[in-house]
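The chain contents come next:
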Amino acid sequence: RVQSTATFIMFRSLCCLVIVSLSFAISSASASLQPRPTFSASVQEAAIDDVVDRAHELLGTPYKWGGSSVQQGFDCSSFLVYLFKTEANIQIPRTTAAMHRSTAPTIKRNALKPGDAVFFKANGRGQVSHVGLYIGQGKFIHSPRTGKNIRIDSLSNSYWNKHYTTAKRFHTAG
């Protein structure tokens, strides 16, 4: 009987030791699986900086309805599709309406960050019909319309201020 009690105590101690060891092993393994938000966020931020920088490089490129390359020119939505795909490897919807309807987070005007898509109702029918890329300091880059080139405008300009509707964030930087 003494021997079976001693065996039981040793067995129970061994079980406790195994449980404690496993819990340490699991907690240290899960700690190494935790995402590294600073690295990921900094990569995403750098990519959005590239999007904004490339947009500046394309200033002066002609508007072309349905165009989708530097050689052809861009309409407003294809300009953003091109920038996000080539500079940040982010796929966004092709049309302004589809971008606006997307599940990307809607951003309040006072919370805009460079790289956000800004939307306007500019067709007189009350529907979203134009999109540009917010670049900071109350300004955005866009491909305005036939006969015009990619340019920078201010959200406080009376026309754009009147027709501004909302913004979407297709990236996670910032």
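Shown above is the structure to which this text applies.
The structure contained in this document is the topic of the report that follows.

The rules behind the values
- Residues numbered from 1 in each chain as written.
- Predicted model: local features only at pLDDT ≥ 70, side-chain atom pairs only at ≥ 80, totals over all residues.
- Heavy atoms only, no water.
- Helix = DSSP H or I, 4+ residues; strand = E, 2+ residues; numbered from the N terminus.
- Buried < 20%, exposed > 50% of the residue type's maximum accessible area, 1.4 Å probe, protein only.
- Contact = heavy atoms within 4.5 Å.
- Areas by Shrake-Rupley, 256 points an atom, 1.4 Å probe, with all protein chains shown as cover.
- Salt bridge = Lys/Arg side-chain N within 4 Å of Asp/Glu carboxyl O.

**A closer look at the overall build of the protein chain**
Consideration 1: In terms of helices and strands, the protein chain carries five helices and eight strands.
Consideration 2: Ordering the α and β elements of the protein chain from the N terminus gives α-α-β-β-α-α-β-β-β-β-β-α-β.
Consideration 3: With 174 residues in all, the protein chain has 37% of them scored as buried.
Consideration 4: Residue pairs in contact within the protein chain that sit at least 24 positions apart in sequence constitute 54% of those at least 6 positions apart.
Consideration 5: Taken as a whole, the protein chain presents about 10,500 Å² of accessible surface, with 58% of it coming from carbon and sulfur.

**A short note on the pattern of salt bridges**
Consideration 1: This model, assessed by the stated rule, comprises four salt bridges.
Consideration 2: The residue Asp75 makes a salt bridge to Arg94 at a minimum N-O spacing of 3.0 Å. Of this pair, Asp75 sits in the loop between β2 (73–74) and α3 (76–88) while Arg94 sits in the loop between α3 and α4 (96–101), placing them 19 residues apart in sequence.
Consideration 3: By relative accessible area, which is 35% here, Arg94 ends up partly exposed.
Consideration 4: Residue Asp116 pairs with Arg169 through a salt bridge whose shortest N-O separation is 2.7 Å. Of the two residues, Asp116 sits in the loop between β3 (106–107) and β4 (117–120) while Arg169 sits in the segment after β8 (164–168), which places them 53 residues apart along the sequence. The burial state of Asp116 is the same as that of Arg169; both residues are buried.

As far as function goes, none of this settles anything; it's purely spatial.
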